[in-house]
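The lines below spell out each chain.
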Amino acid sequence: MISMIMILNQKGEIMISRQYRDDVSRVAADSFRLQVIAAKEASSQPPIKRIENCSFLYTRHLNMYFVALTKSNVNPALVFEYLFQKIRILKAYLGEDFDENSMRNNMTLIYELMDETMDFGYPQNCAVDVLRLYINLGNVKPQDEPEPQQLTKQITGAIDWRREGLRYKKAEVYIDVLESVNLLISSTGSILRSEVTGRVQMNTKLTGMPECKFGLNDKLVIDKEGATGRNKTGVEIDDCTFHRCVRLGKFDADRTITFIPPDGEFELMRYRVNDNVNLPFRLIPTVQEEGQTKCSINLKVIANFSEKLFATHVVIKVPVPKNTSKSKIKNSFGRAKYEPEQNAIVWRIKRFPGKAECMLSADLELVRTVRPKAWDRPPINVDFQVPMFTASGVHVRFLRVYDKAGYHTNRWVRYITKAGGYQIKI
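To start, this report covers the structure provided alongside it. (Residues numbered from 1 in each chain as written. Predicted model: local features only at pLDDT ≥ 70, side-chain atom pairs only at ≥ 80, totals over all residues. Heavy atoms only, no water.)

## Describing the sheet that holds strand β19 (residues 344–353)
By way of backbone hydrogen bonds, the strands of a sheet pair with one another, either parallel or antiparallel. Keep this limit in mind: Paired strands are those between which DSSP finds at least two bridges. Every helix listed is a DSSP run of H or I at least four residues long, and every strand listed is a run of E at least two residues long, numbered separately from the N terminus. To define axes, lines are fitted to C-alpha atoms, for helices over the stretch in contact only, and angles between the resulting N-to-C directions are given on a 0 to 180 degree scale.
A sheet is described by the order of its strands in space; here nine strands give the open sequence β11-β13-β9-β8-β23-β21-β16-β19-β18, paired in mixed fashion. Since the sheet does not close on itself, it has two edges, and those belong to β11 (238–242) and β18 (335–339), each with one partner. Taking the axes of each pair of neighbouring strands and ignoring which way they run, one obtains an average angle of 15 degrees across the sheet.

In structure tokens, the structure reads:
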């Protein structure tokens, strides 16, 4: 596994190092300094370098290099995840923008964190909430002083993301289903690419150590329940990734998401949907070029979501030729303006009702060029946000909370769909 962790400044000088195995030495830092930092490879080459039978895996934070050294055949993803978690822990203790000075002023704290997060080259406890309970230097203060027995259980137990003894007057769970729509349509109107990437964000305020069961309208689960007479449509959910609190064995067996949630905000899962995407907007553009001096653009925008909903912060960027000199724009609602620095007509609509249609027409005057060059016609870019709408059709079916106390839990669910790469070629 990992033999050594080094933190170097931009000159290649070792600020902090911790050796976990004796098969490498600090002399290796000179090789890294000469072949990576001095050669300026950090920004142009992959973050893995093999020097003299030793592998260097590194990442940067501001002007510092976090480097892991190993001579064994390790899993690179595991090493990089540890380095990223190390930076996240230091941000929690030293602030988001910790620099070389703050590192030098907190040497004792950093060495303690190095010893607690890794043992003999194997990553250990990287949960910030648990580390704060027994490493308390600087400005970080634990919420409650834990008992020694509870502390030992949290450090060595399987559930290190939640501490015991939490109490709330009201049991509440907030669920946000956040989706991003990626779309590319050709100039003939055929869909070249359409997918939805989503994530489920949760904020839990629950007493004790409850177990939660979370259900989406997953097609595999709906099909199983179809034998009982329920007639519901499901969504084919692909590429699910979960927070480490989720019991993956249960999910593999019967597709149920069972977990003991962390306290506060966390990301429960990410997913992707490729089929049957409900596109929030349909755009119909027409472009006519009249010689080298005139061009006319017409654009029709149709909202496909329910009339009970509305989109906010809609921004449509319609590209125009670079030699445009004047523009005459008419639009049904919103504000449209030709912005030369973007080579586009930017159409902004604060509130777009569902099932509504709007039109934009623009007459452009072009400057005649000495060497005529065909306009490459970049795609139209659309940005928007639609509350209480999911382009994938995913929705929360249930959230059940099981606890010994049997208290009642209030649940709130919110859906938000945003534009990712939403482009229409013209």
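Having seen the structure, we can now continue with the description.
## Section: the pattern of salt bridges
Selection criterion: We define a salt bridge as a side-chain nitrogen of Lys or Arg found within 4 Å of a carboxyl oxygen belonging to Asp or Glu. Burial classes: relative accessible area under 20% of the type maximum marks a residue as buried, over 50% as exposed, and values in between as partly exposed (1.4 Å probe, protein chains only).
Overall, the coordinates contain 15 salt bridges when judged by the stated rule. Of the charged contacts in the structure, one is a salt bridge between E96 and K91, with a shortest N-O distance of 4.0 Å. The class of E96 is exposed, set by a relative accessible area of 54%. A residue is classified by how much of its surface remains accessible, and K91, at 28% relative accessible area, is partly exposed.

## Quick word on the side chain of N125
Keep this limit in mind: For this analysis, a polar contact is any N or O atom pair within 3.5 Å, provided that within protein one partner can donate a hydrogen and the other can accept it, and provided that sequence-adjacent residues contribute only side-chain to side-chain pairs. Contacts are assigned to residue pairs with any non-hydrogen atoms lying within 4.5 Å of each other.
Position of N125 among the secondary structure elements: in the loop between β7 (122–123) and α5 (128–134). Residue class for N125 comes out buried when judged on its relative accessible area of 6%. In terms of polar contacts, N125 uses its side chain to reach the backbone amide nitrogen of A127, at 3.1 Å. Residues contacting N125, with those up to four places away along its chain left out, are E116, T117, V130, L131, Y134 and D160.

## Overview of the packing of helix α2 (residues 76–94) against helix α4 (residues 107–117)
Threshold: Working definition: roughly parallel below 35 degrees, roughly antiparallel above 145 degrees, roughly perpendicular at 65 to 115 degrees, and oblique for all remaining angles. By convention, the crossing between two helices is left-handed when the near helix turns anticlockwise from the far helix through less than a right angle, and right-handed when the turn is clockwise. Under the scheme applied, nonpolar residues are Ala, Val, Leu, Ile, Met, Phe, Trp, Tyr, Cys and Pro; charged residues are Asp, Glu, Lys and Arg; polar residues are all the others, including Gly.
Interaxial distance between α2 and α4 falls to 11 Å at its minimum, and their mutual angle equals 140 degrees. Classed by the angle they form, the pair α2 and α4 counts as oblique. Of the two possible hands of crossing, α2 and α4 adopt the one that is right-handed. In this structure, α2 uses Y82, K86, I89, L90, Y93 and L94 to contact α4, whose residues at the interface are L109, I110, L113, M114 and T117. A breakdown of the residues in the contact of α2 with α4 according to their chemical character gives nine nonpolar, one polar and one charged.

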